[in-house]
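For reference, the chains in residue letters:
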Amino acid sequence: MTRCSDSGEENTENPDKKQKKRKKTGKNVSFPPDEQIVSGFAEHADRTDKSCFTLTDVIEAYQQSCSKYQVQPIENILRQLQQGVCGGGSVECLDLKGERLDHRSCEALEVVLKSLHFDFINLQAAQLEENGASSLLDMILYYESTTYLDISDNSSMGTSSWRALAHLIKQSACLSRLDACNVSLLDYRVQSLSKALLTSRLKVLHLTNAQLSGKSLFTLVQALKANRALQELHLSNNQLNSYQDAMQLGDLLRYNNTLQKLELSNNALADGGLEELCEGLSRQTKGVKGLILKNNHITQRGMKYLAKTLPGLKALEVLDLGDNLLGNEGIQMIREPLMLNSSVLHLGLAQTNITCEGAVALAEFLAESRLIQRLDLHQNKVKLGGLMALSLALRINSSLTDLDVDPIPPQELDEFMMETQKKLQAEITHHCNTNASQLQREPSES
């Protein structure tokens with residue numbers, strides 16, 4: 001059978017030879033010859049030529065494959081293919097979230113994976129069995145079926161499944177994002193993942209709620225220190241502590257200059273952990289542009305470390321400290337360092353126990369800043385005095401395009417105060433919109 005590759009070149013290699021090459025890669029699934037699987041479907045199918053086949057052809061071939069493996073076609077798959085738009089052999093999404101995929105169901109899917117490329121394959125909570133998961137991951141690698149894969153909530157995946165996943169991460173030239181959330185990354189799992197990350201091309205990795213504290217985080221960080229591809233790492237809800245875990249993350253920031261976003265929300269890094277992170281950030285001339293630290297038990301005491309680091313930062317553009325008890329005192333501590341900073345564009349301070357006093361300090365910063373574009377003050381008790389200070393600052397500031405602040409509860413305002421609030425909010429919106437329009441014009445004028 002002649003099979004067209006993704007590059008558009010014909011592959012005339014015979015099925016037996018291809019079968020031997022698959023086995024040499026160490027995959028644990030034995031693929032039958034192509035012509036037996038597809039029952040004559042798409043003899044000359046080429047993903048780069050949308051005239052080669054239609055989604056109707058893929059549906060028919062999938063039904064035949066299910067018949068061969070003696071399983072019922074998954075209605076969700078048929079519905080998605082019927083509603084899909086096929087352009088050059090590419091479909092936006094194959095959503096199998098919550099479907100039960102046993103071994104035979106996975107084998108029947110091969111005809112779909114070999115015929116189409118998906119921007120996103122969602123296997124979240126798919127109840128993947130050991131053999132089925134291994135086969136499915138091998139297929140996704142062999143056919144380069146997706147650029148974004150979600151295998152979250154599949155706790156029953158065993159050793160061979162994680163070995164297949166590691167092989168996919170290490171070898172795929174196509175896969176750029178992987179989500180493996182709500183799965184315990186202990187022992188062989190984190191070891192397999194970390195070894196694969198040494199040479200992978202992944203750009204985005206989501207490992208939320210993966211029990212990565214302690215030894216598991218150490219193993220992951222050791223690999224990521226040498227990684228030169230990953231741009232986003234999401235480690236929310238991992239019970240990361242302010243001692244060993246924070247030290248590991250600080251080391252990661254010191255030695256890795258490729259990572260651009262580090263998401264650490266809903267952990268327990270606290271003030272000591274922020275000190276370690278600031279130490280790592282201070283060593284970077286390029287690298288992390290986004291640091292998300294929401295809900296990490298950080299207090300005003302941690303702001304002294306941030307105040308020391310902020311003036312020298314040249315890479316960090318997004319800093320989110322939301323849902324931490326910074327208070328007005330913490331904002332006062334970082335007011336002047338923020339003025340001296342030359343990188344931060346977005347500052348998140350939602351639910352940080354700020355009142356009018358803190359808002360006035362931020363207004364003083366806004367009046368001096370020529371960089372800041374977004375300031376989030378949601379869920380803080382900013383009253384009329386704070387709103388007035390922010391509005392006055394925006395008469396001077398020419399960079400801020402988004403200022404998020406909650407309205408004052410109506411029961412706290414009389415009629416005059418209500419009108420004043422509306423006027424101030426309208427002024428703030430007007431100034432932000434004016435800045436946004438000006439910033440849009442400047443690139444085109446240049």
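Quick caveat: nothing in here was measured; it's all calculated off a predicted structure. Per chain, residues are indexed from 1 in the order of the written sequence. Only residues with pLDDT of 70 or above have their local features reported here, since the model is predicted, and side-chain atom pairs are shown and tallied only from 80 upward, although totals for entire chains, interfaces and linings are computed over all residues. As a rule here, side-chain values come from all non-hydrogen atoms in the structure, and water together with hydrogens is ignored.

A. Summary view of the side chain of S265. Note on placement: S265 falls in the loop between β9 (261–263) and α12 (270–282). We call two residues contacting when some pair of their heavy atoms lies within 4.5 Å. Ignoring any residue separated from it by four or fewer positions in sequence, one finds S265 in contact with S236, N237, I292, K294 and N296. In this description a helix means any DSSP run of H or I spanning at least four residues, a strand means any run of E spanning at least two, and both kinds are numbered starting from the N terminus.

B. Here's a closer look at the packing of helix α14 (residues 327–340) against helix α15 (residues 356–368). Viewed as axis vectors pointing N to C, α14 and α15 meet at an angle of 5 degrees, and their least axial separation amounts to 9 Å. What the angle tells us is that α14 and α15 run roughly parallel. Contacts from N328, I331, Q332, R335, L338 and M339 of α14 reach α15 at E357, G358, A361, L362, E364, F365 and E368. Charged residues are taken to be Asp, Glu, Lys and Arg, nonpolar residues to be Ala, Val, Leu, Ile, Met, Phe, Trp, Tyr, Cys and Pro, and polar residues to be all remaining types, Gly included. Among the residues making up the contact of α14 with α15, the classes are represented as 6 nonpolar, 3 polar and 4 charged. Here an axis means a line fitted to C-alpha atoms, over the contact stretch when the element is a helix, while the angle between two N-to-C directions is reported on a 0 to 180 degree scale. For classification purposes, angles smaller than 35 degrees are called roughly parallel, those larger than 145 roughly antiparallel, those between 65 and 115 roughly perpendicular, and all remaining angles oblique.

C. Representation of the packing of aromatic side chains in the model. Only rings of Phe, Tyr and Trp enter the pairing, Trp through its six-membered ring, and a pair is recorded when the two centres are within 6.5 Å. The plane angle decides the type: under 30 degrees is stacked, over 60 is edge-to-face, the rest tilted. Considering all chains together, one arrives at 2 aromatic pairs under this definition. When the ring of Y142 is compared with that of Y143, the centres are 4.9 Å apart and the planes differ by 85 degrees; the resulting orientation is edge-to-face. Exposure categories follow from relative accessible area, calculated using a 1.4 Å probe and restricted to protein chains: below 20% of the type maximum is buried, above 50% is exposed, and the middle band is partly exposed. The class for Y142 is partly exposed, based on a relative accessible area of 26%.

D. The confidence of the model for the chain, seen in detail. The pLDDT value expresses, per residue, how confident the predictor is, ranging between 0 and 100. On average, residues of the chain score 88 in pLDDT, and 86% of them reach the 70 mark or higher. Overall, residues 1–52 carries pLDDT values under 50, and its contacts beyond four positions in sequence, including any with other chains, amount to 98 contacts.

E. Expanded view of the pattern of salt bridges. What counts as a salt bridge is simple: a side-chain nitrogen of Lys or Arg found within 4 Å of a carboxyl oxygen of Asp or Glu. Evaluation of the coordinates by the stated rule reveals 13 salt bridges. The partner of E276 in a salt bridge is R254, with the nearest N and O atoms 3.8 Å apart. Taken together, the positions of E276 in helix α12 and R254 in helix α11 (residues 244–255) put the pair 22 residues apart, joining distant regions of the chain. A salt bridge links E427 to R395; its shortest N-O distance comes to 3.9 Å.

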